[in-house]
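Structural overview for review
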Amino acid sequence: MDAYDKGSTARRSGPEPRPDPLLSSAPDEVREAGQVPEAGQEPESGPVPELDLPSPSFASPPPPLSAIPRIGLSALSLRYRIAAACALVVVALVACVHVAMVFLHVAPSNTVSKQYGRAVDGWIYPEFEQNWKLFAPNPLQQNIAVQARAEVRTADGGTRTTGWYDLSARDGAGIDGNPLPSHTQQNELRRAWDFYVSAHDSENRPSGLRGQLSERYIRRIVVLRLSHGDGLTADGKTAAGKQPTIARVQVRSRTTNVAPPPWSDEKVDPKPLYREVPWWTVTVADRALDTNINTNSQSQGQNGSSTRARAATDGTDAR
């Protein structure tokens, strides 16, 4: 039996189709579900409802390349891009040269380092010095302060000896609170004393030309420090209108052990250890440097006295 015959009570094999509201203009025109025209009968003609379908949308064409904003180096003109490329090349070359110089400096002695040793040292010192003391198995656990005093000739023709002036403390006071301390304050005095110690034995006897050079170097630093500006008198104050002449200087180091942390059982001797060098006579060349500095200071109108830090007794000769 045909499941689509009218009046048939046979079970249909599929679900009844739902009426489409878009195909009928009114509810009474909806055909009975599953009803189809009989054979030889023409389907009823009627107005076909218009479907309210969305209009097709077409994607807009992509903008031209000239309208896309450029960023980075591509946003620059050709001239500036060439300049930026040249700057990058220069920076890369300098970085490669620096890495090569540091490698030759820290590498064991070889043919290249021997041939270009002076150029390597000129590049490394003093800003890029490689100091490995911090990473040594037993790091330095001492505070070393460099102190100096002078024997001066006063305005009345007498000779007096000043007290000990802690030059390292003065450098430390200049570094504290200074975000950009100078290389002189940080390393000049320390390097000069290290140079002297490495070029002398325990009896302060120089080891060849390096020993003599280290003596002149630290002596001139001390003369400049003690007589900088308006000079010193025997009691450590400025001379009233007259600068005393420094005849001799003496330098010593004060070494103290760094106290161990509270959780450590290590015991150290807190007593400072002094190393005094013999008196050095100030030469004309040493005073010439000081005279040039004083002349420049007076021409710029920089007057006044600086505070001198002391360590030990004042105004006594400890020879």
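One can find the structure itself at the top, above this paragraph.
Because the structure is predicted, anything quoted here is derived from the model rather than measured. (Residues numbered from 1 in each chain as written. Predicted model: local features only at pLDDT ≥ 70, side-chain atom pairs only at ≥ 80, totals over all residues. Heavy atoms only, no water.)

Each regular strand displays side chains that alternate between the two surfaces of the sheet. Strand direction decides the pairing type here: strand S1 (residues 142-153) and strand S4 (residues 245-257), joined by 12 bridges, are antiparallel. Its bridge partner being in S4, Arg-149 is matched across the sheet by Gln-250. As paired elements, S1 and strand S3 (residues 165-166) share two bridges and run antiparallel to each other. Residue pairing across strands places Ala-148 opposite Tyr-165, the latter belonging to S3. Both S1 and strand S2 (residues 159-161) contribute to a ladder of three bridges, which runs antiparallel. Paired with Arg-153 across the strands is Thr-159, a residue of S2. (Pairing = 2+ DSSP bridges. Helix = DSSP H or I, 4+ residues; strand = E, 2+ residues; numbered from the N terminus.)

Attention now moves to the side chain of Ser-253. Mapping Ser-253 onto the fold places it in strand S4. Excluding residues that lie within four positions of it along the chain, Ser-253 makes contacts with Ile-144, Ala-145, Trp-193, Leu-273, Tyr-274 and Arg-275. (Contact = heavy atoms within 4.5 Å.)

A word on a nonpolar patch on the surface. Among the surface-exposed residues, Val-90, Val-94, Val-97, Trp-123 and Phe-128 lie close enough to one another that they form a single nonpolar patch of about 400 Å² accessible area. If you tally residues by element for the nonpolar patch, the top one is helix H1 (residues 78-106), at three residues. Turning to its location among the elements, Val-94 is positioned in helix H1. (Patch = residues over 30% accessible without salt bridge, like charges linked within 9 Å, V, L, I, M, F, W, Y side chains within 5 Å. Areas by Shrake-Rupley, 256 points an atom, 1.4 Å probe, with all protein chains shown as cover. Salt bridge = Lys/Arg side-chain N within 4 Å of Asp/Glu carboxyl O.)

This paragraph deals with the environment of Arg-254. Its place among the elements puts Arg-254 in strand S4. Each residue touching Arg-254, except ones within four places of it in the same chain, is listed here: Asn-143, Ile-144, Ala-145, Gln-147, Pro-272, Leu-273 and Tyr-274.

This part is about the packing of helix H4 (residues 167-175) against helix H6 (residues 208-226). Closest axis-to-axis distance for the H4/H6 pair is 12 Å, and the angle between their directions is 65°. Note on packing geometry: the crossing formed by H4 with H6 is left-handed. Here Leu-167, Arg-170 and Asp-171 of H4 come into contact with H6, specifically with Val-222, Arg-225 and Leu-226. A class-by-class count of the residues in the contact of H4 with H6 yields three nonpolar, no polar and three charged. (Axes fitted to C-alpha atoms, helices over the stretch in contact; angles between N-to-C directions. Left-handed = near helix turned anticlockwise from the far one by under 90°. Nonpolar A, V, L, I, M, F, W, Y, C, P; charged D, E, K, R; others polar.)

Within the chain, Asn-204 stands out as a residue other than glycine whose phi angle is a positive 60°. Turning to its location among the elements, Asn-204 is positioned in the loop between helix H5 (183-198) and H6.

A separate point is the environment of Ile-246. Looking at the element boundaries, Ile-246 is found in strand S4. When its relative accessible area of 10% is taken as the criterion, Ile-246 is described as buried. Residues within four places of Ile-246 in sequence aside, it is in contact with Ala-150, Glu-151, Val-152, Val-223, Leu-226, Ser-227, Val-282 and Arg-287. (Buried < 20%, exposed > 50% of the residue type's maximum accessible area, 1.4 Å probe, protein only.)

What follows covers the pattern of salt bridges. Pairing is possible between side chains that carry opposite charge, provided their charged atoms lie close to one another. Tallied over the full model, the rule gives eight salt bridges. The salt bridge partner of Arg-190 is Asp-194, with a shortest N-O separation of 3.9 Å. Within this pair, Arg-190 and its partner Asp-194 are both found in helix H5, separated by four residues, close to a single helical turn. Assessed through its relative accessible area of 32%, Asp-194 is described here as partly exposed. For Arg-220, the salt bridge is made with Asp-286, and the minimal N-O distance between the two is 2.8 Å. In this pair, Arg-220 sits in helix H6 while Asp-286 sits in helix H7 (residues 284-299), placing the two residues 66 residues apart along the sequence.

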